[in-house]
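Observations on the model geometry
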Amino acid sequence: MIAILGTGKMGEALLSGMLRAGFKPGDVLATVRRPERARALAETYGVRAVSNAEAAKSAGTLILAVKPQDMGSLLDEIAPHLPADRLVISAAAGITTAFVEQRLGHETPVVRVMSNTPIKFDEAMSVISAGAYAGEDHLRRTEDLLRPVGKVLRIPESQQDAATALSGSGPAYFFYLVEAMVDAGILLGMPRAAALDMVTQSIVGAAVMLRDSGEHPVILREAVTSPGGTTIAAIAELERHSVRAAFLAAIEAARDRGRELASG
Ligand SMILES: NC(=O)C1=CN([C@@H]2O[C@H](COP(=O)(O)OP(=O)(O)OC[C@H]3O[C@@H](n4cnc5c(N)ncnc54)[C@H](OP(=O)(O)O)[C@@H]3O)[C@@H](O)[C@H]2O)C=CC1
Ligand SMILES: O=C(O)[C@@H]1CCC=N1
């Protein structure tokens with residue numbers, strides 16, 4: 001039995017992915033804070049909503065998907081009910097495996113995961129790291145859960161905050177870029193819907209090309225950038241506005257915020 005504790009956006013996305021991958025609704029428990037949320041999950045997925053205590057007692061694997069700020073109180077709530085052999089997977093930004101282990105109070109195997117919202121379309125990037133009491137078997141079990149909903153990579157836990165900044169938050173940067181490009185289309189007199197279509201298909205096409213061509217992004221960009229042409233005129237402006245430096249600073253700020261979340 002697998003339990004998702006805190007079935008919000010990420011928890012629900014993982015739940016639906018697990019069901020698509022062949023889990024039966026009866027194999028999954030969900031915990032929530034509001035009764036209307038419990039009803040909605042039961043109606044949509046046929047899963048049972050239970051208390052955190054019941055989930056801790058009856059599930060072999062617990063996936064903790066509450067906000068980092070809610071993690072301390074959730075761990076305190078489940079600690080008295082959790083048998084020592086359970087696998088605990090923590091999906092919260094910034095929260096270390098040491099924090100989870102210490103709040104649970106015994107040698108619980110903990111795996112830290114950072115995924116991202118494309119999990120809804122089985123295109124997540126999930127990175128995982130083992131805590132002090134988690135071994136190969138626990139990492140494999142975590143990979144088995146996450147692989148049906150995207151790509152999974154093992155990384156040292158010391159890189160988790162950086163990964164959160166890069167791939168956890170990454171989709172937001174691309175949506176932000178799309179918004180900005182659509183605005184540019186509006187500025188140039190394009191209808192909004194057409195501009196959105198053009199930008200969306202360009203970003204999807206570029207993403208597939210990047211993933212499937214095996215080419216380095218610099219080569220792909222150079223192939224678009226004709227001497228004396230239109231693309232270099234745009235890139236000159238991006239450089240003039242230090243967009244590359246802005247990305248470096250932005251992702252560093254996201255990494256630093258992840259570290260702050262760890263300290264409460
Ligand atoms: N959104 C994203 O892109 C990503 C998020 N994450 C991480 O995933 C985690 C969840 O994020 P997200 O799904 O966006 O957040 P949500 O707020 O959508 O989900 C968290 C859910 O947990 C519920 N909850 C809070 N406390 C409890 C409790 N004690 N018992 C049961 N349920 C509880 C909340 O209930 P209520 O609805 O009542 O508030 C909410 O539904 C975070 O830790 C975040 O760092 C990781 C990668 C990407
Ligand atoms: O913004 C956040 O804190 C979460 C973690 C990664 C993506 N969203």
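Residues numbered from 1 in each chain as written. Chains lettered and ligands numbered in written order. Predicted model: local features only at pLDDT ≥ 70, side-chain atom pairs only at ≥ 80, totals over all residues. Heavy atoms only, no water.

Here's the deal with the layout of surface pockets
- Space inside the second largest pocket adds up to approximately 1300 Å³.
- Lining the second largest pocket are 49 residues, and of these Lys-9, Met-10, Ala-65, Val-66 and Lys-67 sit closest to its centre.
- Looking at the lining of the second largest pocket, the element that brings in the most residues is helix α4 (residues 68–78), giving 6 residues.
- Here the residues of the lining of the second largest pocket sort into 25 nonpolar, 15 polar and 9 charged.
- Residues lining the lining of the second largest pocket come from more than one domain, with at least three contributed by each of domain 1 (2–158) and domain 2 (170–262). (1 Å grid on protein atoms, 1.4 Å probe; cavity = no way out; pocket = protein on both sides within 12 Å on 5 of 7 lines; lining within 4 Å. Points joined across faces, edges and corners; volume = space filled by probe spheres on them. Helix = DSSP H or I, 4+ residues; strand = E, 2+ residues; numbered from the N terminus. Nonpolar A, V, L, I, M, F, W, Y, C, P; charged D, E, K, R; others polar. Domains from an automatic or database assignment.)

Focus: the pairing of strand β7 (residues 124–130)
- Counting buried positions along β7 gives 5 out of 7 residues, so the element sits mostly inside the fold.
- Note: strand β6 (residues 110–114) against β7, 4 bridges, orientation antiparallel. When the bridges of β7 are listed, Met-114 appears paired with Val-127.
- Between the parallel pair β7 and strand β8 (residues 150–154), the chain is carried across by helix α6 (residues 136–146), and the sense of this crossover is right-handed. (Buried < 20%, exposed > 50% of the residue type's maximum accessible area, 1.4 Å probe, protein only. Pairing = 2+ DSSP bridges. Right-handed = clockwise from strand over helix to strand, strands pointing away.)

Section: the confidence of the model for the protein
- Overall, the predicted model of the protein reaches an average pLDDT of 96, with 100% of residues at or above 70.
- Scoring the predicted complex yields pTM 0.95 and, for the interface, ipTM 0.98. (pLDDT = per-residue confidence, 0-100.)

Notes on the environment of Leu-29
- For Leu-29, the position within the fold is in strand β2 (residues 28–31).
- Note on Leu-29: relative accessible area 2%, which makes it buried.
- In the structure, Leu-29 is positioned 25 residues away from Ile-4 in sequence and 6.2 Å away in space, judged by C-alpha atoms.
- Non-local contacts of Leu-29, meaning those with residues more than four positions away in its chain, are made with Met-1, Ile-2, Ala-3, Ile-4, Arg-48, Val-50, Ala-55 and Ser-58. (Contact = heavy atoms within 4.5 Å.)

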